[in-house]
Amino acid sequence: MTGPSPELLVLLALAIPFAGALAVAALGRWPNLREAATLVTGAALFAVVLTLSAAVFGGARPELAGLAVAPGLALAFEVEPLGMLFALVASGLWILNSIYSIGYMRAHDEPRQTTFYVCFALAIGSTIGIAFAQNLFALFLFYEALTLSTFPLVTHKQSPEAMRSGRLYLLLLLGTSMVLFLPAIAITWALSGTLDFTAGSLLAGKASPLVIGALLGLYVFGIGKAAVMPVHFWLPAAMVAPTPVSAFLHAVAVVKAGVFSILKVVVYVFGPDALRIGSAGEWLVWVACASLLLGSLIALRQDNLKARLAYSTVSQLAYVVVGAALATPAALTGAGLQIATHAAAKITLFFCAGAIYVAAHKTQVSELDGIGRRMPITMTAFFVGSLSIIGLPPLGGLWSKWMLGVGAMQADAGWVLGVLMVSSLLSAAYLLPIPVRAFFAPSPEPPSEPVRIQEAPLPCLLALTVTAILSILLFFQAEPIAALLRGVPGAG
Amino acid sequence: MDLINAALSKYVYVVTIFLMVAGLFVVVARANMIKKLVGLSIFQSSVYLLYLGPAKIFGATAPILDSDYTAYSNPLPHALILTAIVVGVGTMALGLALVVRIHEAYGTIEEDEIFEEDGEE
Amino acid sequence: MTVLAAQLPALLIVLPLIAAALVALVRSDRVAFAITLAVSLVLPVIAALLLHRALVAGPISYQLGGWSPPWGIEYRIDVLNGFVLMLVSAVAAVAAPYARRSLAAELGDGHATFYAIYLLCLTGLLGVTITGDAFNVFVFLEISSLATYALIAMGRHRRAALAAFQYLIVGTIGATFYVIGVGFLYLLTGTLNLADMAQRLAALPDEQSRAVLTATAFITVGVSLKLALFPLHFWLPKAYTYAPSWAAAFLSATATKVAIYLLVRFFFTVLGVDVVFDRVLLALSLAGMFIASVIAIYESNIKRMMAYSSIAQIGYITLGMALSNKAGLTGALVHLLNHAVTKGTLFLALGAVALRLGSVKLQDLAGLGRRMPLTMGAFSVAAFGIIGTPGTAGFISKWYLATGALEAGEATLAFLIVASSLVSVIYMGRVLEVTWFRPPSPLALQAKDPPLSMLGPIVIFAAASVYLGLDTRGSASIASLAADQLLGARP
């Protein structure tokens, strides 16, 4: 059946969030209408993206020529498999995040809710822009827009600590992007004469392995949102934000935008071959593995639940970077899968953390003994999410780690497999005790009365249940995603 | 010898250069603001000479039509310099007004004293 | 109607001139402001019509008084100076509403003569741009300069008079150097008409003769004093810091741009590009870009910081000129507009800050972001424009400049252009950090956004600086066309 053309869908996908932001701002005085605007925007966006994905699954690569800003610079958009996956993940999880936010913000009676929802809409709009960017210029523009639109979200509480964290957030992300990412883009253009993402490679044969290695470094550390150590400090600092923001940051948009950008750069700017041949990218495998392990180790030591999840994110993001660095077909597929599975799992975990805070006002892991009896649904979801992070069946997380392992073997880097397995063990160590103790350990307060179920507000509960089910679904439905990713040049 | 001959025959330019450099020197080397303005004025008058000198053409007459003559001195530089003199007068007036204002504010018109009082920046 | 249309070039000069005389007779501040506003709004219309005709039908030649060139004075408008005329008059028009509140606060009552002097300055700037006669340039240059000295001296700080005096000395030397240069050219060619001079210079037997070189040197140094090319920039920081805020904004957006236009006109149309000066200009531009930016980092008076930032930005423009290829020159010309808009925002915003706080010291601006969100928001947008973030006008200029550098085979130059942006990240970042992230200073606590007449121009300029970063069809294509004409003008 003939529906709207793919190009129109791309335009809609870009326009809907920004139009939604305007609508939310206009309806600020009527909270129910305002929330409805957010949900309608989210639903519309997801519908558009879903329809678009049908075309892309079929092999189409819709393009949207936007603004020609200057010769060689254009705000243009093109949808390819990686971007499609990212857009699907982001827009799908955004609706759930919005539902969760509504429950959370109302339960807490948080101030400045209109600003909150407007920035949320702007942020998802920027994310879609990043997903569909056709060249480095457009990518950079929306990347910066994402930093700026999430800043008010991070500093939402406006306490001194929030402002300090917000400052670090802005400093680190803007700093790395201006000082490293932008020069990297400039050098790329100087070497190749264009900024367009090219199947094959933008820099094919135009730079020596040394230059490629150095340029890769500029990109990886310049894309601070990917939180590769040591530019990861903004992530734990951003924990000061309300949990819906943390969930959005860590699962839906910000960090995913980071690793997505790195993947995109690796595949379309350098080309997987450049990283394999001549070992220009080998140093990145080491750095990413270090980030992987260190993140897990530091997570072990965190008593604050959100902090533990933050470092877990640092570690899990490094999986994507490892996959990008290995650059073998399976590794690239695994990296793409990891974006999806980690998003679903991590958002579940964050939703649970927020639910625990709202319902029981507890933030530290040590306080969570026995809470499973009061919040069984939440902790079950937490358990499900943990399994995905660890990489156990029947959760989607298994497939991403599996493919990464296969990719490591393809690159004759069996030791990476070892690193992955150690990290899984560590993940188990810092995640599993929580649901286990929640259900089986006696609660610290003496039971004066029979334990009642005291769950989080309904919207929150709904959201985290759906994302947990999603994580399970991804186990069974990984193949379509993998098929989609095989359309990425160099993946398989 | 050649140089002296050239200098003597083109004495207008020698005077011009002398005034130019002398004026600039006074502007730069003197801290008193009125003296700076005087130097500026000297510098500007050197430019007048630069234009007027070549206006006079040897063997030509004043620029009034006369059937006895075929060559006339160039009147255009004179017109230009009249304009320049007026500009110079305006500049001088403004400069002096500023000096009066500065004197009211600082009590002195020596630049080094003012910088000491104010902090050089 | 066509009679009027034929006289438009003269009208562009005559209107502000007569208005200046009128305003000088007026006692009331409000009437003076009203006349100024009216004239300021009419001028861009005229300039737009002229630019349009120049784009469509080719250069316009207007004979002043009916005397035909090259003996009569000719106003000649092609794409380049049409563009600059548009720039100057549009900036003046957008900034005009701002004047009333700002001047009332900074100068008190009875400042009607300020407007008269401002209109004279505007006349002078437009005159320099529109005229096709070398000496006429000097006349208008001095009209605008003398008016500028007076405008600066009217600042209420006592150092304003001092700054104006220093600028007077330096500016007059500059103008006189220019006259000396023109004198040499007149002796060589016998004409003062720029177009005619170009032809006759080309016909001279030995183009690199010492006289032409000397003339070029004098003109370059003279005009460089006016445009604050490093190291002849030292008058600018003081002048812009102590001038009344509106005057500083207007001057930073227009005066140096007109001087740059003059240099471009002489370099490319009249003299033809000279290799020696290319290298020198390049070196001085780079020096200005870096040194001025580094000095800006240490400044605690934000107006002075912005003044040094201007010097650095002028370095970019002269760098584009020195590259002398199409992309470089396009970058330089488009930066005339982009910098005018960006710097205009910054100075106007600082004027609003001065209005509300009474100070422009960095520590007094702490926490101002929340108190004056629109003003500081516009300031932040313009700050990103100075840094050259993609999405702003400043990026477009740097893009063209970098393209030009690469075309000329100078990859290190392109790298330096990017590197100097990083220095501006430091000082702009400092200001942004203090205004947005610190707890409010005692002065900032009672601040709020300025009245609409001031806020409007600030926001319009800020919006323009983003718009010109995304839609460059107008600015870049005109600049490109002008660059083509300039480069094709002389072999």
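Our subject in this report is the structure included herewith. Being a predicted model, the structure only gives us computed values, none of them experimental.

**So, the overall build of chain A**
Turning to step 1, where the next piece is worked out: Counting secondary structure elements, chain A contains 21 helices and two strands.
Turning to step 2, where the next piece is worked out: Taken over the C-alpha trace, chain A has a radius of gyration of 21 Å; the compact-globule value for 492 residues is 23 Å, and the two agree within 12%.
Turning to step 3, where the next piece is worked out: The proportion of buried residues among the 492 residues of chain A is 63%.
Turning to step 4, where the next piece is worked out: A fraction of 80% describes how many contacts in chain A between residues 6 or more apart in sequence connect residues 24 or more apart.
Turning to step 5, where the next piece is worked out: Carbon and sulfur atoms provide 70% of the accessible area of chain A, an area that totals close to 16,400 Å².
Turning to step 6, where the next piece is worked out: The averaged location of the 20 negative side-chain charges in chain A is 6 Å from the averaged location of its 24 positive side-chain charges.

**Things to note about the pairing of strand β1 (residues 63-70) of chain A**
Residues and elements named next belong to chain A.
Turning to step 1, where the next piece is worked out: Note: β1 against strand β2 (residues 73-78), five bridges, orientation antiparallel. Residue pairing in the sheet places Glu63 in a bridge with Glu78 of β2.
Turning to step 2, where the next piece is worked out: If you look at the hairpin formed by β1 and β2, you'll find two residues sitting between the two strands, and Gly72 has a positive phi there, around 95 degrees.

**Some details on the environment of C:Arg370**
Turning to step 1, where the next piece is worked out: Of note, C:Arg370 is situated in helix α16 (residues 368-371).
Turning to step 2, where the next piece is worked out: Aside from chain neighbours lying at most four places away, what touches C:Arg370 is A:Gln158, A:Met163 and C:Trp436.

**Focus: helix α14 (residues 329-360) of chain A**
Turning to step 1, where the next piece is worked out: Compared with the 46 Å implied by 1.5 Å per residue over 32 residues, the 46 Å span of α14(A) between its first and last C-alpha is a close match.
Turning to step 2, where the next piece is worked out: Within two residues after α14(A), A:His361 carries a phi angle of roughly 55 degrees, on the positive side.

**Thoughts on the interface of chain A and chain C**
Turning to step 1, where the next piece is worked out: Residue-level contacts link 25 residues of chain A with 22 residues of chain C.
Turning to step 2, where the next piece is worked out: Here chain A and chain C share an interface that buries about 2,000 Å² over both sides, 80% of which is from carbon and sulfur atoms.
Turning to step 3, where the next piece is worked out: Viewed at the interface, chain C and chain A are joined by one salt bridge.
Turning to step 4, where the next piece is worked out: Between A:Arg167 and C:Glu433 there is a salt bridge, with the nearest N and O atoms lying 2.4 Å from each other.
Turning to step 5, where the next piece is worked out: Applying the counting rule to chain A against chain C returns one residue pair in polar contact (both at pLDDT 80 or more).

What counts and how
- Residues numbered from 1 in each chain as written.
- Chains lettered and ligands numbered in written order.
- Predicted model: local features only at pLDDT ≥ 70, side-chain atom pairs only at ≥ 80, totals over all residues.
- Heavy atoms only, no water.
- Helix = DSSP H or I, 4+ residues; strand = E, 2+ residues; numbered from the N terminus.
- Rg over C-alpha atoms; globule rule 2.2 N^0.38 Å.
- Buried < 20%, exposed > 50% of the residue type's maximum accessible area, 1.4 Å probe, protein only.
- Contact = heavy atoms within 4.5 Å.
- Areas by Shrake-Rupley, 256 points an atom, 1.4 Å probe, with all protein chains shown as cover.
- Lys, Arg positive; Asp, Glu negative; His and termini not counted.
- Charge placed at Lys NZ, Arg CZ, Asp CG, Glu CD.
- Pairing = 2+ DSSP bridges.
- Expected span 1.5 Å × (residues − 1).
- Buried area = accessible area lost by both parts, 1.4 Å probe.
- Salt bridge = Lys/Arg side-chain N within 4 Å of Asp/Glu carboxyl O.
- Polar contact = N/O pair within 3.5 Å; in protein donor to acceptor, adjacent residues only side chain to side chain.

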